[in-house]
Amino acid sequence: MFFGNNKKDKDVRLTDKQYKDLVGSMSRKERKEFERRQDQLRKEREDDRLEAWLDFEDEMDDM
């Protein structure tokens, strides 16, 4: 789970019960949007990590 609105989003681990409590009161449409946003944030985080790794490798190659 990701919570927050910017690059300092928090990556939070939830138990199954906590997740069910969180999305249990959401409508199907709200839950779908929530899951879509979580996937988007996860992909952005992965892209940021990959970019940072590639930058690091470039710096190491320049040494």
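Worth saying up front: this structure is predicted, and the values here are computed from it rather than measured.

### Let's talk about the packing of aromatic side chains
Here comes step 1: Applying the stated criterion across every chain yields a total of 1 aromatic pair.
Here comes step 2: With a centroid separation of 5.4 Å and an interplanar angle of 35 degrees, the aromatic rings of W53 and F56 are classed as tilted. Of this pair, W53 and F56 are both found in helix α2 (residues 28-62), 3 residues apart, which corresponds to roughly one turn of the helix.
Here comes step 3: Judged by relative accessible area, which is 48%, W53 ranks as partly exposed.
Here comes step 4: Residue classification places F56 among the partly exposed residues on the basis of a relative accessible area of 39%.

### Regarding the environment of R42
Here comes step 1: The topology assignment puts R42 in helix α2.
Here comes step 2: A relative accessible area of 33% means that R42 is categorised as partly exposed.
Here comes step 3: In this structure the C-alpha to C-alpha distance between R42 and D11, which are 31 residues apart in sequence, comes to 9.0 Å.

### Description of the pattern of salt bridges
Here comes step 1: Scanning all chains against the criterion turns up 3 salt bridges.
Here comes step 2: Ionic pairing is found between K17 and D21, a salt bridge with its closest N-O pair at 3.1 Å. Within this pair, K17 and its partner D21 are both found in helix α1 (residues 16-24), separated by 4 residues, close to a single helical turn. Each member of the pair, K17 as well as D21, carries the same accessibility label: exposed.
Here comes step 3: Its salt-bridge partner being R42, residue D39 comes within 2.9 Å of it at the nearest N-O pair. In this pair, D39 and R42 are both assigned in helix α2, 3 residues apart and thus about one turn of the helix distant.

Reading the values: the criteria
- Residues numbered from 1 in each chain as written.
- Predicted model: local features only at pLDDT ≥ 70, side-chain atom pairs only at ≥ 80, totals over all residues.
- Heavy atoms only, no water.
- Phe/Tyr/Trp six-rings, centres within 6.5 Å; stacked < 30°, edge-to-face > 60°.
- Helix = DSSP H or I, 4+ residues; strand = E, 2+ residues; numbered from the N terminus.
- Buried < 20%, exposed > 50% of the residue type's maximum accessible area, 1.4 Å probe, protein only.
- Salt bridge = Lys/Arg side-chain N within 4 Å of Asp/Glu carboxyl O.

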